[in-house]
Amino acid sequence: MKRVITYGTFDLLHYGHIALLKRAKELGDYLIVALSTDEFNSVEKNKHCYFSYEQRKSLLEAIRYVDLVIPEESWEQKVSDAHEYHIDTFVIGDDWKGKFDFLKDEGVEVVYLSRTPEISSTQIKKAFSDGKGKGNCS
Ligand code: C2G
């Protein structure tokens, strides 16, 4: 069984996230998502989520490509996660290209996938705060 892991905040889950998770799962048989906790987001990533960790976790667990969701609490946990979960492949969007190549030294394949360019959580939040939600839904 080929085991894949990816990391992220996944707040205001959107089709760009889903496209990443789908492609990540296609690289193996079992996909783990290390989901940034609320504390990690605010302290380390300066991100303030709309949905709480538990709400974001339940959304991810409902996605057919996701097999397990674990907390991401530090930048450093990737090496220990790779060993603890017997990870074969690490996957993340190419906005992080090169940042996690050190995992290759742990025998982990590192894959940077292209981001979905036209969508972002920031863009969604701004659109609604400007009262310019896409309006596709009546
Ligand atoms: N993503 C994507 N296309 C988008 C937006 C996001 O492919 N339009 C991908 C990102 O590249 C990432 C994943 O979806 O692989 C989750 O995105 P974020 O929640 O923004 O994750 P990030 O804040 O980059 O956290 O330790 C690593 C970090 O936790 C990554």
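Note that the coordinates shown come from a computational prediction; the quantities given were computed from them, not determined experimentally.

Asks: Quick question: what am I supposed to make of the overall build of the chain here?
Replies: Regarding its fold elements, the chain presents five helices and five strands. Listing every helix and strand of the chain by position from the N terminus yields β-α-β-α-α-β-α-β-β-α. At 15 Å, the chain has a C-alpha radius of gyration in line with the 14 Å of a compact globule built from 138 residues. Principal-axis analysis of the C-alpha atoms places the extent of the chain at approximately 50 × 30 × 25 Å.

Asks: Mind showing me how you'd approach the sheet that holds strand β2 (residues 30-36) here?
Replies: The strand order β3-β2-β1-β4-β5 describes an open sheet built from five strands, whose pairing is parallel. Because the sheet does not close on itself, it has two edges, and the strands there are β3 (68-72) and β5 (109-113). Between one strand and the next, the sheet's axes are offset by a mean angle of 25°, whatever the strand orientation. Sheet topology note: the strand β4 (residues 89-93)/β5 ladder contains five bridges and is parallel. When the bridges of β5 are listed, Ile92 appears paired with Tyr112. The sheet contacts of helix α3 (residues 53-61) involve β2 and β3, and relative to β2 the element is tilted by about 165°.

Asks: It is not clear to me how the packing of aromatic side chains should be interpreted in this structure. Could you clarify?
Replies: Here a ring pair, both rings aromatic, is described through the centre-centre distance and the interplanar angle of the planes. Inspection of every chain in the model, using the stated rule, returns seven aromatic pairs. Look at Tyr50 and Phe51: their rings are 5.0 Å apart centre to centre, the planes differ by 80°, and that puts the pair in the edge-to-face class. A relative accessible area of 26% means that Phe51 is categorised as partly exposed. Ring plane angle 65° and centroid distance 5.2 Å describe the contact between Phe90 and Phe100, whose orientation is recorded as edge-to-face. Taken together, the residues Phe90 in strand β4 and Phe100 in the loop between β4 and β5 connect sequence positions 10 residues apart. An aromatic cluster of at least three residues, connected via ring pairs, comprises Tyr7, Phe40, Trp75, Phe90, Trp96, Phe100 and Phe102. Positioned above the aromatic ring of Tyr7, the side-chain terminus of Lys78 is 4.6 Å from the ring centre.

What counts as what
- Residues numbered from 1 in each chain as written.
- Predicted model: local features only at pLDDT ≥ 70, side-chain atom pairs only at ≥ 80, totals over all residues.
- Heavy atoms only, no water.
- Helix = DSSP H or I, 4+ residues; strand = E, 2+ residues; numbered from the N terminus.
- Rg over C-alpha atoms; globule rule 2.2 N^0.38 Å.
- Pairing = 2+ DSSP bridges.
- Axes fitted to C-alpha atoms, helices over the stretch in contact; angles between N-to-C directions.
- Contact = heavy atoms within 4.5 Å.
- Phe/Tyr/Trp six-rings, centres within 6.5 Å; stacked < 30°, edge-to-face > 60°.
- Buried < 20%, exposed > 50% of the residue type's maximum accessible area, 1.4 Å probe, protein only.
- Lys NZ or Arg CZ within 6 Å of the ring centre and 35° of its normal.

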